[in-house]
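Topology and contacts: notes
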Amino acid sequence: QLTVGPGTRFLDIHRELERKGLTLLTMTSGKGGTLIGWMATGGMGFGTFHHGPVREQLISIRVITPEGKVQDLKAEDPEISNFLSTEGQMGIILRATLKVGQRPFQWFPFLLPFEKSSAAYAFAKQLSRHPSLKPHDLIIYHTELTRILKAQSNGRMSVEPKNLVLVAFSEEEQAHGFKAYLN
C-alpha cells in the first residue's frame, strides 16, 4: 500500500514505487500532477479498464470539510464519494492510502487503426465483452487527436491520422490470445 499527502507528484510516486517493483493500479497519463488532485477530479486513466477508477484502489482518506472538521474515512464509508470527483468543493483530501500492485515485467501493446470512430467503438465494445481476453487498457484516440500528436512529434510518430484503439496487455499469454482473436 501507499500513503501520500497533498502535493505528492505522480513522478515522485512512480520513481519510488518503481524502485520496489510496484506500481499504482490506476494512474494518470501525465506524471506532472498530484495524486490527490487527480483523485479529486475522478481518478481515471491508465489501468481503469482493468482495475477500475482510483476509488476501487482506495483504502482510506483523511479530509477536511468546509466547516473545518477533519474526518478519517475508510473505503467502505459511503461519505467517501463526497470527496472524489467533486474537485474539492465538498472538502480537501489531506491524505490517501491506496492499494498498489506488482509492476508488470513487460507490456504487450497493440495499436489498431479504424477509418470511422463508430468502428473503433464497436471493436472496443466487442473486445470488452470477450469472455477470456482481459486487456489491461483499452483506449480510443480520435482522428483529430492523432493528427495533433503526429504534428507535434516532429516526424517521430509514423501513425496515419485515423481513429486508433490502443489495447495493452500485461501478460504474454493474453497478448497471444489477442493476436489469435485478430486473425
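Details of the structure are given in the entry above.
Here's what I pulled together on the structure shown here.

Topic: the overall build of the protein chain
Helix and strand content of the protein chain: six helices and nine strands. Along the first, second and third principal axes, the C-alpha atoms of the protein chain reach 55 × 35 × 30 Å. Every one of the 183 residues in the protein chain was classed for burial, and the buried ones make up 40%. Summed over its atoms, the accessible surface of the protein chain is roughly 10700 Å², and 52% of this surface lies on carbon and sulfur atoms. A gap of 3 Å separates the mean positions of the 21 positive and 17 negative side-chain charges of the protein chain.

Let's talk about the sheet that holds strand β4 (residues 70-74)
Taken together, the four strands give an open sheet; going across it, the order is β1-β5-β3-β4, and neighbouring strands pair in antiparallel fashion. Each edge of the sheet is formed by a strand with only one pairing partner; in this case those strands are β1 (2-4) and β4. Neighbour-to-neighbour, the strand axes of this sheet turn through a mean angle of 15 degrees, independent of strand direction.

Here's the deal with the environment of G101
One can find G101 in strand β6 (residues 100-102). In this structure, the C-alpha to C-alpha distance between G101 and V4, residues 97 residues apart in sequence, is 16 Å. Residues in contact with G101, not counting those within four places in the same chain, are G21, L22, T23 and L25.

Quick look at the packing of helix α4 (residues 117-128) against helix α6 (residues 172-182)
It is the contact of α4 with α6, at a shortest axis distance of 13 Å, that shows an interaxial angle of 125 degrees. Between α4 and α6, the angle is such that the two are oblique. For the pair α4 and α6, the sense of crossing is right-handed. Of the residues in α6, those touching α4 at F123, Q126 and L127 are F178, Y181 and L182. Here the contact of α4 with α6 is composed, by residue class, of five nonpolar, one polar and no charged.

So, the pairing of β4
Along any regular strand, the residues point their side chains to alternate faces of the sheet. In β4, alternate side chains face the same way, and those of Q71 and L73 are buried while those of V70, D72 and K74 on the opposite face are not. Here strand β3 (residues 58-64) pairs with β4 via five bridges, running antiparallel. Directly across from I64, in β4, lies its bridge partner V70. Taking the residues between adjacent antiparallel strands as the criterion, β3 and β4 are bridged by five residues, where G68 takes a positive phi near 90 degrees.

Observations regarding the pattern of salt bridges
Applying the stated rule across the entire model yields eight salt bridges. The closest approach of N and O atoms between D12 and R9, which form a salt bridge, is 3.2 Å. On the accessibility criterion, D12 (35% relative accessible area) is partly exposed. For R147, the salt bridge identified is with E144, shortest N-O distance 2.7 Å.

Quick word on the sheet that holds strand β8 (residues 137-141)
Pairing is antiparallel across the open sheet formed by three strands, whose spatial order is β7-β9-β8. Of all strands in the sheet, those with a lone pairing partner are β7 (108-114) and β8, marking the two edges. With strand direction ignored, the average angle separating the axes of adjacent strands in the sheet is 15 degrees. Strand direction decides the pairing type here: β7 and strand β9 (residues 163-169), joined by seven bridges, are antiparallel. What sits directly across from F110, in β9, is V167.

The rules behind the values
- Residues numbered from 1 in each chain as written.
- Predicted model: local features only at pLDDT ≥ 70, side-chain atom pairs only at ≥ 80, totals over all residues.
- Heavy atoms only, no water.
- Helix = DSSP H or I, 4+ residues; strand = E, 2+ residues; numbered from the N terminus.
- Buried < 20%, exposed > 50% of the residue type's maximum accessible area, 1.4 Å probe, protein only.
- Areas by Shrake-Rupley, 256 points an atom, 1.4 Å probe, with all protein chains shown as cover.
- Lys, Arg positive; Asp, Glu negative; His and termini not counted.
- Charge placed at Lys NZ, Arg CZ, Asp CG, Glu CD.
- Pairing = 2+ DSSP bridges.
- Axes fitted to C-alpha atoms, helices over the stretch in contact; angles between N-to-C directions.
- Contact = heavy atoms within 4.5 Å.
- Parallel < 35°, antiparallel > 145°, perpendicular 65-115°, else oblique.
- Left-handed = near helix turned anticlockwise from the far one by under 90°.
- Nonpolar A, V, L, I, M, F, W, Y, C, P; charged D, E, K, R; others polar.
- Salt bridge = Lys/Arg side-chain N within 4 Å of Asp/Glu carboxyl O.

No statement about biological role is implied by the geometric values presented.
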